[in-house]
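Given next are the chains, with one letter for each unit.
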Amino acid sequence: MESRASPRPGGLSYCVAFSQLLGLTVVAVTGAWLGLYRGGIAWESALQFNVHPLCMVIGLVFLQGDALLVYRVFRNEAKRTTKILHGLLHGFAFIIALVGLVAVFAYHRKKGYADLYSLHSWCGILAFVLYVVQWLVGFSFFLFPGASFSLRSRYRPLHIFFGASIFLLSVGTALLGLKEALLFKLGTKYSTFEPEGVLANVLGLLLAGFALVVLYILTRTEWKRPPQAEEQALSMDFKTLTEGDSPSSQ
C-alpha cells in the first residue's frame, strides 16, 4: 500500500521562513558588527579573534538550529534521506565551530591571555563537548547500521531533549560572549548608548528571537513529521514485542 504525502500544516511554512530570515540576519549583523567596530576578520593577525564569534554564530547557532528543523521541513521525504541531511548539517556546524575554537585558543596563545576562566568560556566548552557527544551518539544510533529499532525508540526522546537543550545553551553562551566582548572594549561607555553597544544589543535580541522561533516550531505537536508506512509497521511490531499486543487489537 502506498503512503500518501501529508499536507503541510498551516502556519509552518511561514514560521520556518521567518526563522530563516532571523537566522540569516543574525549572521549578517554579526559580520557587520565585526566589520564596523572590530576591524573585520583575518587568520594571521590581531583580527584572528574575530573568527571565533563569526564561526560560533554560523555553526552552533544558525546551522544547529536549521539541523533541528529538518524533520519539520522535510515531512514526506524518505526517512533515511532526512536523517543524512540532519547529520550533515550537524557535521558542518561542528567543523565551523571547531575552526572558531581553534581561532580563539591560537589568539590567546599569541597574546599570552589566560584560557577558560570566564563563565562564557566554561559554557562554551560544555556546549561544544555535549554537541560532539550528541552527534557521535546520534550517528551511532540512527545512521550507523546495527542499532535495533527498540534501542532507537528508547533513545529518541533523550536525543530530542539534548538536541534542543544544547541549542539553547549555545545561544545563551553566544549572548554571554557578546556581553563580555562589549564590557572589555567599552567599559563604562557601554551605558552611554555607544553605537557599537546598540548594534550588539540588537544582535542579542535577534539571537534570542531566532532561538525562540526554532523552539516554537519544535514544540508544536501538530507540526511533527508524520510517521511513514514502514515506520508505523516497525512501531507496531515493537509494541507487540514489548507489550504483548497484537496488531489486530490496535
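Quick caveat: nothing in here was measured; it's all calculated off a predicted structure.

Reading the values: the criteria
- Residues numbered from 1 in each chain as written.
- Predicted model: local features only at pLDDT ≥ 70, side-chain atom pairs only at ≥ 80, totals over all residues.
- Heavy atoms only, no water.
- Helix = DSSP H or I, 4+ residues; strand = E, 2+ residues; numbered from the N terminus.
- Contact = heavy atoms within 4.5 Å.
- Areas by Shrake-Rupley, 256 points an atom, 1.4 Å probe, with all protein chains shown as cover.
- UniProt positions renumbered as here; feature names shortened; annotations may be inferred.
- Axes fitted to C-alpha atoms, helices over the stretch in contact; angles between N-to-C directions.
- Parallel < 35°, antiparallel > 145°, perpendicular 65-115°, else oblique.
- Left-handed = near helix turned anticlockwise from the far one by under 90°.
- Nonpolar A, V, L, I, M, F, W, Y, C, P; charged D, E, K, R; others polar.
- Buried < 20%, exposed > 50% of the residue type's maximum accessible area, 1.4 Å probe, protein only.
- Expected span 1.5 Å × (residues − 1).
- Patch = residues over 30% accessible without salt bridge, like charges linked within 9 Å, V, L, I, M, F, W, Y side chains within 5 Å.
- Salt bridge = Lys/Arg side-chain N within 4 Å of Asp/Glu carboxyl O.

Enquirer: What's the story with the overall build of the protein chain in this structure? I'm lost.
Expert: A tally of helices and strands in the protein chain yields seven helices and zero strands. Traced from its N-terminal end to its C-terminal end, the protein chain shows the element sequence α-α-α-α-α-α-α. For the protein chain, contacts bridging at least 24 residues in sequence account for 72% of all contacts bridging at least 6. Accessible surface, the protein chain: about 13,800 Å² in total, of which carbon and sulfur atoms supply 70%.

Enquirer: So what exactly am I meant to see when it comes to the UniProt feature "transmembrane region" (unreviewed entry) in the protein chain here?
Expert: The positions UniProt marks with the feature "transmembrane region" (unreviewed entry) are residues 12-36, 56-74, 86-107, 119-146, 158-178 and 198-218. Along residues 12-36 the backbone is 100% helical and 0% strand, and the end-to-end C-alpha distance reaches 36 Å. The annotated region residues 86-107 carries 100% helix and 0% strand content, and the separation between its end C-alpha atoms amounts to 32 Å.

Enquirer: Looking at this model, I keep getting lost on the packing of helix α2 (residues 51-73) against helix α3 (residues 79-111). Mind explaining?
Expert: At a closest axis distance of 8 Å, the pairing of α2 and α3 adopts a crossing angle of 165°. Regarding the angle of α2 to α3, the classification is roughly antiparallel. Every pair of crossing elements has a handedness; the one defined by α2 and α3 is left-handed. Looking at the contact of α2 with α3, its residues break down into 20 nonpolar, seven polar and three charged.

Enquirer: So what exactly am I meant to see when it comes to the environment of I160 here?
Expert: By the secondary structure assignment, I160 is in helix α5 (residues 149-186). With 22 residues separating them along the chain, I160 and G138 place their C-alpha atoms 10.0 Å apart.

Enquirer: Could you clarify how one ought to interpret the side chain of N50 in this entry?
Expert: Checked against the element boundaries, N50 lands in the loop between α1 (12-37) and α2. In this structure N50 comes out as buried when scored by relative accessible area, which is 6%. Ignoring anything within four residues of it in the chain, the contact list for N50 reads L34, R38, G40 and I41.

Enquirer: Is there a simple way to think about α3 in this case?
Expert: An α-helical turn contains 3.6 residues, so a residue and the one three or four places further along point in the same direction. Between the first and last C-alpha of α3 there are 48 Å, a value that for 33 residues agrees with the 48 Å anticipated at 1.5 Å per step. Immediately beyond the C-terminal end of α3, within one or two residues, lies G112, with a positive phi of roughly 75°.

Enquirer: What should I look at first to understand a nonpolar patch on the surface in this one?
Expert: There is a patch of nonpolar side chains on the surface, built from W43, I84, L88, F92, F94, I95, L98, V99 and V102 and spanning about 740 Å² of accessible area. For I95, the location among the structural elements is in helix α3. By relative accessible area, which is 49% here, I95 ends up partly exposed.

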